[in-house]
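Chain by chain, the residues run as shown.
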Amino acid sequence: MNDTTDFAPQPVLESRTLRLRPIQPDDFEPLYAAASDPRVWEQHPSSDRYKRPQFQQWFTDAIASGSALIVIDRDTARVIGSSRYYEWDPAQQEVAIGYTFLAHDFWGGKTNAEMKRLMLDHAFQWAKRVWFHVAAGNTRSRKAMEKIGGVLSHRGIKTLNGTDHDYYFFRIDSHDWSEN
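Residues numbered from 1 in each chain as written. Predicted model: local features only at pLDDT ≥ 70, side-chain atom pairs only at ≥ 80, totals over all residues. Heavy atoms only, no water.

Let us look at the overall build of the protein chain. For the protein chain, the helix and strand inventory stands at six helices and eight strands. Ordered by position from N to C terminus, the α and β elements of the protein chain give β-β-α-α-α-β-β-β-α-β-α-β-β-α. Taking 16 Å as the expected radius of gyration for a compact globule of 180 residues, we find that the protein chain reaches 15 Å, a close match to that expectation. By its C-alpha atoms, the protein chain is 40 × 35 × 30 Å across when sized along the principal axes. Buried positions account for 47% of the 180 residues belonging to the protein chain. (Helix = DSSP H or I, 4+ residues; strand = E, 2+ residues; numbered from the N terminus. Rg over C-alpha atoms; globule rule 2.2 N^0.38 Å. Buried < 20%, exposed > 50% of the residue type's maximum accessible area, 1.4 Å probe, protein only.)

Below is the structure:
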């Protein structure tokens, strides 16, 4: 395990099918192409994020976070989504993965699991626990969490854009992940 204070939140991660890299300002248009489908956001608390002004705010926040990644399909070089690390706590050796979305035509297959595997493998170089916060109404993401081994810890409130929302808190611990 690496020094717990130096978590690297914007790595380049690659598998045979995906490449994750730090988000850049010129990624807006290709990322918006993946995000502009209303189905991507229909179960999200910000269900209008498919609209350009709302997505522009998300994108501005993603750049400012210093921890957002874009997801690229290596076969086509197409930008297909994004995810990020957040809430790194070096004292507890915990980090969260979220703000994740994928283009609709990459749902239901292996893409989400592969992306999360890359991100979890990276995170567990520093962290002992990774958290995932899933909106209570997002049944699709809750099922995806279960598929990758997420354990429901509890339900709680997260504030999003100044508004409190009901979330499920899933976790994966490093010792459980290393057994996969």
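Having seen it, we continue.
Pairing is mixed in the open sheet, where eight strands are placed in the order S1-S2-S3-S4-S5-S6-S8-S7. Each end of this open sheet is capped by a strand with a single partner; those strands are strand S1 (13-14) and strand S7 (151-160). The pairing of S7 with strand S8 (residues 163-173) spans nine bridges and is antiparallel. If you follow Ile-157 over to S8, its bridge partner there is Asp-166. Here helix H3 (residues 52-65) sits on the sheet in contact with strand S3 (68-73), strand S4 (78-89) and strand S5 (94-102), set at roughly 55° to S4. Sheet contacts for helix H4 (residues 111-123): S1, strand S2 (18-22), S3, S4, S5, strand S6 (129-135) and S8; angle to S5, the most-contacted strand, approximately 155°. (Pairing = 2+ DSSP bridges. Contact = heavy atoms within 4.5 Å. Axes fitted to C-alpha atoms, helices over the stretch in contact; angles between N-to-C directions.)

With that out of the way, let us pick up the nonpolar core. Counting 48 residues, the largest nonpolar core has Leu-20, Leu-31, Phe-55, Tyr-85, Phe-101, Leu-120 and Phe-132 as the members making the most contacts within it. Ignoring anything within four residues of it in the chain, the contact list for Leu-120 reads Ile-97, Val-130, Phe-132, Ile-148, Ile-172 and Trp-177. If you look at the next biggest cluster of nonpolar residues, it comprises seven residues, including Ala-96, Trp-131, Ala-135 and Leu-160. (Core = buried A, V, L, I, M, F, W, Y, C linked by side-chain atoms within 4.5 Å.)

Another aspect to go through is the pairing of S3. Side chains on a regular strand alternate between the two faces of the sheet. For S3, the tally of buried residues reaches six of six residues, placing the bulk of the element in the interior. What you see with S3 is no split at all: Ala-68, Ile-70 and Ile-72 on one side and Leu-69, Val-71 and Asp-73 on the other are buried throughout. Sheet analysis places S2 next to S3, joined by five bridges and oriented antiparallel. Residue Leu-18 lies in a different strand from S3, and its bridge partner there is Asp-73. Looking at chain direction, S3 and S4 are connected through six bridges and run antiparallel. Residue Asp-73 lies in a different strand from S4, and its bridge partner there is Arg-78. In this structure, the hairpin formed by S3 and S4 is closed by a connection of four residues, where Ala-77 is found at a positive phi of approximately 65°.

Okay, the pattern of salt bridges next. Opposite charge on two side chains permits pairing when their charged atoms draw close. On inspection of all chains with the given rule, the structure shows 13 salt bridges. Between Arg-140 and Glu-42 there is a salt bridge, and its shortest N-O distance comes to 3.5 Å. With Arg-140 in helix H5 (residues 139-147) and Glu-42 in the loop between helix H2 (38-41) and H3, this pair connects stretches of sequence that are 98 residues apart. Judged by its relative accessible area of 47%, Glu-42 falls in the partly exposed class. For the salt bridge of Lys-158 with Glu-87, the shortest nitrogen-to-oxygen distance reads 2.6 Å. One end of the pair, Lys-158, is in strand S7; the other, Glu-87, is in strand S4, with 71 residues separating them in the sequence. The exposure class of Lys-158 is buried, given its relative accessible area of 17%. Overall, the relative accessible area of 48% leaves Glu-87 in the partly exposed class. Through salt bridges that share partners, Glu-94, Arg-129, Arg-171 and Asp-173 make up one connected network. (Salt bridge = Lys/Arg side-chain N within 4 Å of Asp/Glu carboxyl O.)

Coordinates in, geometry out; function isn't part of it.
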